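Residue strings, one per chain:
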Amino acid sequence: MKKLLLSALIVLSSLSTFATDLNYQWKSGASYHFTAVVNDDVSTSMMGMEMKEQFKTTTDFVLYINNVATDGKATGMLYLVSFNVVDSKGNSLASLKDLPQKALQSEIQVDKKGNFTFLKKIYLITSASSNVLAYGNADANSVSVGGQAGNMKVDAYAEFDPKTGSLKTGYSMKEIKNTTTVEVKMTEETDMVDILPYDFLQLLALPEGDINLNDEIKVDAGIYQMIVKVNGMDNGIASLNHTMSTDKSKDMFDAGASGKSGDGSSMFNMGMDTNLEDEDTSNDDDFGMDMDMNGMDMDMDMDMGAGGNDMGMGGMDMGGFGMPGSDAEAIGMSKSMSPDMTCDVTSKFNYNKGMFDKVFGTVTTDMNTMGVKMHVVSKMEMVLNK
């Protein structure tokens, strides 16, 4: 049911023009061992019912690099070493230890700036009758939006007894690398928990170009504002603070970005003018962007594409772009259904070794969609094991 939208923050890595250039130094055949602890506090309100639950997910996993291209882009996999999911009462929902190497894996692509693409995901579907460890495109499943009744077929690695967290009869550690199609009954109590911290891995993305202490990038994308600030550059470690806020009084189509260097001077300032009120955009997918970067004026045309509403900004869907200007009610509905998000996350990058070191912080998400209200507070810490 919960789904964080941290991918929106990746836009910052493509807009910065930041004296140290940060890049990952991926190597073919290299393995990077991580430990992550995520605490999710989930409150759901639906049809007069109030439900609260807490989940603590502890995961040991490895990022294995298969190949690295000349441009620094790597292909590889994330594979589980062990994981444990417990609820607020300390009950184990699912737990596996000392898994066979690469038995449970999730394919990935990642470039030298740390921009991940997840081809498939490992996630746990919790319900009253069974907790299912599944593999697939989680975004395409109805469980991701929650509150939907019915049945859903998934590719399952294993099923766990929801009372004990132990493997159900018919599953074994030796055969867990193979999936079996199972049918999950969906109810308002069904939830989904990412076993691997996919959303937080997206926060490992690095800015383009050289950076200095106290450099700051601010991006406005509709109702969301995202800021990345360089808080530290000590002993080979760059500390980047990521914050995000939501303001639904803003126009859904307003967008812009600015950069401020550590000495307080402006690095760039660009605003986006979609001209929605002055032009008929019903047959035109292009719009203009006027930018002022250190006194240099630039005009840029951007193609919205056939889909009409994807700005290509780190997966941020502005929602409703291309609708007639008179359709204010539909635009207002799109805004009201968009999640309220706040974020305060710090990532640390070892620029001498070309590798992430640690990320920690809190993300809060509030959603009100089709009569289902959700409040999710996620606190996490992920470290690279030395």
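Residues numbered from 1 in each chain as written. Predicted model: local features only at pLDDT ≥ 70, side-chain atom pairs only at ≥ 80, totals over all residues. Heavy atoms only, no water.

A. Structural context of the packing of aromatic side chains. Summed over the entire model, instances satisfying the criterion amount to 9 aromatic pairs. Between Y24 and W26, the aromatic rings sit 4.8 Å apart at their centres with planes inclined by 0 degrees, giving stacked as the arrangement. Ring geometry for F34 versus F61: centroids 5.2 Å apart, planes at 20 degrees, classification stacked. On the criterion of sequence distance, the pair formed by F34 in strand β2 (residues 31-46) and F61 in strand β3 (residues 49-68) is long-range, its members being 27 residues apart. Using a relative accessible area of 2% as the deciding quantity, one classes F34 as buried. (Phe/Tyr/Trp six-rings, centres within 6.5 Å; stacked < 30°, edge-to-face > 60°. Helix = DSSP H or I, 4+ residues; strand = E, 2+ residues; numbered from the N terminus. Buried < 20%, exposed > 50% of the residue type's maximum accessible area, 1.4 Å probe, protein only.)

B. Fine view of the confidence of the model for the protein. Summing up the model confidence of the protein, the mean pLDDT is 75 and the portion of residues at 70 or higher is 75%. The low-confidence segment residues 274-323, where pLDDT is below 50, has 95 contacts with residues more than four positions distant or belonging to other chains. (pLDDT = per-residue confidence, 0-100. Contact = heavy atoms within 4.5 Å.)

C. Representation of the environment of D155 within the structure. Mapped onto the secondary structure, D155 falls in strand β10 (residues 150-160). A residue is classified by how much of its surface remains accessible, and D155, at 36% relative accessible area, is partly exposed. As a C-alpha pair, D155 and T180 span 25 residues in sequence and 5.5 Å in three-dimensional space. Discounting residues that sit within four places of it in the chain, D155 has contacts with L133, A134, Y135, T179, T180 and T181. Looking at D155, its side chain comes within polar contact range of the side chain of T181, at 3.4 Å. (Polar contact = N/O pair within 3.5 Å; in protein donor to acceptor, adjacent residues only side chain to side chain.)

D. Geometry of the pattern of salt bridges. Under the definition given, this model contains 4 salt bridges. Salt-bridge contacts for K250 lead to D220; the nearest nitrogen and oxygen are separated by 3.2 Å. Taken together, the residues K250 in the loop between β16 (237-246) and β17 (255-260) and D220 in strand β14 (residues 216-221) connect sequence positions 30 residues apart. With its nearest N and O atoms 3.2 Å apart, the salt bridge here joins K248 to D340. In this pair, K248 is assigned in the loop between β16 and β17 and D340 in strand β23 (residues 340-350), connecting sequence segments 92 residues apart. Its relative accessible area of 30% is what places D340 among the partly exposed residues. (Salt bridge = Lys/Arg side-chain N within 4 Å of Asp/Glu carboxyl O.)

E. Examining the nonpolar core more closely. Membership of the largest hydrophobic core comes to 79 residues, with the highest contact counts inside it found for I122, L133 and M382. Those residues in contact with I122, other than ones at most four positions away along the chain, are L80, L104, Q105, S106, L133, A134, Y135, Y157, D194, I195, L196 and Y198. I125, V154, V182 and V184 belong to the second-largest nonpolar core, a separate cluster that totals 11 residues. (Core = buried A, V, L, I, M, F, W, Y, C linked by side-chain atoms within 4.5 Å.)

F. Local environment of unusual backbone geometry. Positive phi outside glycine occurs at K102, with the angle close to 65 degrees. On the basis of relative accessibility, which here comes to 30%, the residue K102 falls in the partly exposed class. Phi at N214 is positive, roughly 75 degrees, even though this residue is not glycine. Inspection of the secondary structure puts N214 in the loop between β13 (210-211) and β14. Residue classification places N214 among the partly exposed residues on the basis of a relative accessible area of 34%.

G. Local environment of the environment of Y24. Assignment of secondary structure puts Y24 in the loop between β1 (20-21) and β2. For the pair Y24 and K73, spaced 49 residues apart in sequence, the C-alpha to C-alpha distance is 9.5 Å. Discounting chain neighbours no more than four positions away, the residues touching Y24 are K112, K113, G114, L204, L206, F349, G354, M355 and F356. Within the structure, Y24 has its side chain in polar contact with the backbone oxygen of L204 (distance 2.9 Å).

H. Geometry of the pairing of β16. Judged by how many residues are buried, β16 sits mostly within the fold: 7 of 10 residues are covered. Here 10 bridges tie strand β15 (residues 224-234) to β16, and the two strands are oriented antiparallel to one another. Bridge assignment links V228 to a residue of β16, and that residue is H242. In this sheet, β23 lies alongside β16 in antiparallel orientation, the contact comprising 8 bridges. Bridging across to β23, H242 finds its partner in V345. (Pairing = 2+ DSSP bridges.)

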